Amino acid sequence: MTRARRIGLTGGIGSGKSTVARMLAQRGACVIDTDAIARALTLAGGAALPEIAARFGPEMIDSQGALDRARMRALVFGQPDAKLKLEAILHPLIGLETERQAQTADPAHPVVFDVPLLVEAGARWRRQVDRVLVVDCSEATQQARVQARSGWPRAQVQQVIQQQASRAERRAAADASVVNDGLALDELAGELDALWMLGFFGVPAAARL
Ligand SMILES: CC(C)(COP(=O)(O)OP(=O)(O)OC[C@H]1O[C@@H](n2cnc3c(N)ncnc32)[C@H](O)[C@@H]1O)[C@@H](O)C(=O)NCCC(=O)NCCS
Ligand SMILES: Nc1ncnc2c1ncn2[C@@H]1O[C@H](COP(=O)(O)OP(=O)(O)OP(=O)(O)O)[C@@H](O)[C@H]1O
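Since this is a predicted model, take the numbers as computed values, not measurements.

1. Let's talk about the site of ligand 1
Here is step 1: The environment of ligand 1 is formed by 20 residues, the closest being Asp-35, Arg-69, Arg-73, Glu-87 and His-91.
Here is step 2: One of the side-chain nitrogen or oxygen atoms of His-91 is found 2.7 Å away from an oxygen atom of ligand 1.
Here is step 3: For ligand 1, whose unbound accessible area comes to 780 Å², protein coverage reaches 92%.
Here is step 4: A molecule is said to occupy a pocket when more than half its atoms come within 2 Å of that pocket's grid points, and by this definition ligand 1 occupies the largest pocket.

Structure follows, in structure tokens:
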């Protein structure tokens, strides 16, 4: 049997990474979601909270004892230094938890790492995966999706987009990409099925669909 392949799944905010990750999980992939890990680390009692409180001040912790995400979002996407400071606390912890989850993954199934900042991280992430799958879409679509899903103001979505890799940078890093623009969900699923059948996820022929 072919060894389980490690796929890095990435894309800009609102591109549809989580949607693609869910579809891949339905097809048998083991999905490791770095946004979810970051959230768990910053819930009440989370491992990152003491250092966040020490470095950003207790006002960053809400009344439930968790990270005040809206407050931190407003700070870090407006101030590059603050974003680097937060990343310096969270990224090593995210890396450890990601690796821990990967070690427990069933070796018979592809492992999909859902990593928004895979391209931004350069070789640090690239060397950990065998293939990179990019979910691509226009900025207008990103805007519309994030505003509809999260209700963030347009300017805040724009700030995040500007601090992420460009579409061209992501496409240059891609071994395959899915253009999730104007696609119905079943069409998106069809694109993933086609990649699966082509062996992009490295599963042996007998295990395909
Ligand atoms: C700033 C925070 C508190 C905002 O939380 P919030 O719940 O509003 O957003 P959420 O975590 O769901 O992220 C939404 C999207 O924002 C983008 N984003 C998040 N962090 C970053 C970052 N450091 N740089 C660029 N884009 C980012 C991603 O596209 C992500 O999918 C949170 O995103 C965070 O803790 N970020 C730092 C950790 C990190 O770098 N996460 C990325 C996964 S490695
Ligand atoms: N092809 C599609 N058709 C309809 N809705 C879609 C499609 N793709 C994504 N969406 C919707 O767009 C929103 C953003 O998608 P998703 O959460 O998968 O993106 P993401 O890249 O994981 O976002 P983030 O970077 O913010 O975590 C969700 O509400 C999702 O249901």
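And the narrative resumes.
2. Some remarks on the domain arrangement of the chain
Interface size, as often reported, equals the accessible area lost upon joining of the parts.
Here is step 1: Under the domain assignment used here, the chain contains domain 1 (1-29 + 110-194) and domain 2 (42-108).
Here is step 2: Each side of the interface is counted separately: domain 1 has 15 residues, and domain 2 has 14 residues.
Here is step 3: With both chains or domains summed, domain 1 and domain 2 bury close to 1,200 Å², and 55% of this area falls on carbon and sulfur atoms.
Here is step 4: At the surface where domain 1 touches domain 2, the tally comes to one salt bridge.
Here is step 5: Seen at the junction of domain 1 and domain 2, the total is four residue pairs in polar contact (both at pLDDT 80 or more).
Here is step 6: Sorting elements by how many residues they give to the side of domain 1 that touches domain 2 places helix H9 (residues 154-163) first, with four residues.

3. Comments concerning H9
Here is step 1: Taken together, the buried positions of H9 are occupied by Gln-156, Val-157, Val-160 and Ile-161. Buried residues of H9 fall within an arc of 140° about the axis and therefore sit on the same side. Projecting away from the buried face of H9 at angles above 90 degrees are the exposed residues Arg-154, Ala-155 and Gln-162.
Here is step 2: Next to the buried residues of H9 lie helix H4 (69-76) and helix H8 (139-150).

Conventions used here
- Counting restarts for each chain: residues are numbered from 1 in the order of the written sequence.
- Key to labels: chains lettered from A, ligands numbered from 1, both in the order written.
- Owing to the predicted nature of the model, reporting of local features is limited to residues with pLDDT of at least 70; listing and counting of side-chain atom pairs is limited to 80 or more, with chain, interface and lining totals taken over all residues.
- The side-chain values count all of the structure's non-hydrogen atoms but skip hydrogen atoms and water molecules.
- Working definition: residue near molecule or strand if any one of its non-hydrogen atoms lies within 4 Å of it.
- We define a polar contact as two N or O atoms separated by no more than 3.5 Å, with the added condition that, inside protein, one atom must be a possible hydrogen donor and the other a possible acceptor, whereas residues neighbouring each other in sequence contribute only through side-chain atom pairs.
- Reported accessibility uses the Shrake-Rupley method at a 1.4 Å probe radius. Residues are deemed covered only where the shown protein chains occlude them.
- The pocket and cavity definitions rest on a 1 Å grid over protein atoms only: a 1.4 Å probe that fits but cannot leave marks a cavity, an open set with protein on both sides within 12 Å along at least five of seven lines marks a pocket, and residues lining either have an atom within 4 Å of a point.
- Should more than half of a molecule's atoms lie within 2 Å of a pocket's or cavity's grid points, that molecule is taken to sit in it.
- An automatic or database domain assignment is the source of the domain bounds shown.
- Should any heavy atoms of two residues lie within 4.5 Å, those residues are considered in contact.
- The term buried area denotes the loss of accessible surface (1.4 Å probe radius) that occurs when two parts are joined, taken as the sum for both partners.
- When a carboxyl oxygen of Asp or Glu is within 4 Å of a side-chain nitrogen of Lys or Arg, the pair counts as a salt bridge.
- Segments assigned H or I by DSSP are reported as helices when at least four residues long, segments assigned E as strands when at least two residues long, and all are numbered from the N terminus.
- Here's how the labels work: a residue is buried when its accessible area is under 20% of the maximum for its type, exposed when over 50%, partly exposed in between, all with a 1.4 Å probe on protein chains only.
- Read the arc as the range of directions from the helix axis to the C-beta atoms.

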